[in-house]
Amino acid sequence: YVPQKDDVDEISASDIIKIYPNPATTKVEVSYTLPEGMTSATLVMTNTLGVNVMTAQLDGNNKTTLSLEELPSGIYFYTIRCGENVKTGKLVKRN
């Protein structure tokens, strides 16, 4: 027996989390839908040196706004973990 794609509920992290606008100036919107059975996800943002500059807890199926006003202009990397799902990406912050 070879499992078929329809036999497994595959949820891609890119389908459950979107961050916009990118590039951003003062804030970003995080739009997300958590997989069934999951109640939260964690977003960690680091600078280009790997230093953690922000951590946010994403609860429920929703949208949240993250303020970038305290961050200097530059390139940042984010990692969002939700159970087995992990999404990483790059965010550009402009003044």
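Each value, and the rule that gives it
- Residues numbered from 1 in each chain as written.
- Predicted model: local features only at pLDDT ≥ 70, side-chain atom pairs only at ≥ 80, totals over all residues.
- Heavy atoms only, no water.
- Core = buried A, V, L, I, M, F, W, Y, C linked by side-chain atoms within 4.5 Å.
- Buried < 20%, exposed > 50% of the residue type's maximum accessible area, 1.4 Å probe, protein only.
- Helix = DSSP H or I, 4+ residues; strand = E, 2+ residues; numbered from the N terminus.
- Contact = heavy atoms within 4.5 Å.
- Pairing = 2+ DSSP bridges.
- Lys, Arg positive; Asp, Glu negative; His and termini not counted.
- Salt bridge = Lys/Arg side-chain N within 4 Å of Asp/Glu carboxyl O.
- Polar contact = N/O pair within 3.5 Å; in protein donor to acceptor, adjacent residues only side chain to side chain.
- Axes fitted to C-alpha atoms, helices over the stretch in contact; angles between N-to-C directions.

(A) Representation of the nonpolar core in the model. Counting 21 residues, the largest nonpolar core has Ile19, Val30, Leu43, Leu58, Ile80 and Leu91 as the members making the most contacts within it. Listed by contribution, the elements that provide at least two residues to this core are strand E1 (17–20), strand E2 (27–32), strand E3 (40–47), strand E4 (52–59) and strand E6 (74–82). At four residues, the largest contribution of residues to this core is made by E6. Once residues within four sequence positions are removed from consideration, valine 30 is found in contact with Ile17, Lys18, Ile19, Leu43, Leu58, Asn62, Lys63, Thr64 and Leu66.

(B) Local environment of the pairing of E3. The pairing of E3 with E4 spans seven bridges and is classified as antiparallel. Within the sheet, the bridge partner assigned to methionine 45 lies in E4 and is methionine 54. Here E3 folds back onto E4, and the loop between the two strands holds four residues, one of which, glycine 50, carries a positive phi near 85°. By the bridge criterion, six bridges tie E3 to E6 in an arrangement that is antiparallel. Residue asparagine 47 lies in a different strand from E6, and its bridge partner there is tyrosine 76.

(C) Highlighting the side chain of glutamate 29. By secondary structure assignment, the location of glutamate 29 is in strand E2. No salt bridge is formed by the buried glutamate 29. Its closest oppositely charged neighbour is lysine 27, at 4.9 Å. A polar contact is formed between the side chain of glutamate 29 and the side chain of threonine 65, at a distance of 2.8 Å. Contact partners of glutamate 29, with chain neighbours within four places excluded, come to Lys18, Ile19, Tyr20, Lys63, Thr64 and Thr65.

(D) Representation of the sheet that holds E2 in the model. As summarised here, the arrangement of the three strands in space is E1-E2-E5, forming an open sheet in which the pairing is antiparallel. The sheet is open, and its two edges are formed by E1 and strand E5 (62–67), each paired on a single side. On average, each strand axis in the sheet is tilted by 20° relative to the strand beside it, whichever way the strands run. Two strands pair when backbone bridges link them, and E1 and E2 are joined in this way by four bridges, in the antiparallel orientation. Paired with tyrosine 20 across the two strands is glutamate 29, which belongs to E2.

(E) Looking closely at the sheet that holds strand E7 (residues 85–93). Spatially, E4-E3-E6-E7 is the arrangement adopted by the four strands of the open sheet, whose pairing is antiparallel. Single-partner strands in this sheet number two, and they are E4 and E7. Ignoring which end each strand starts from, the neighbouring axes of this sheet average 20° apart. Of the pairings in the sheet, the one linking E6 to E7 comprises nine bridges and is antiparallel in character. Bridged to threonine 79 within E7 is threonine 88.

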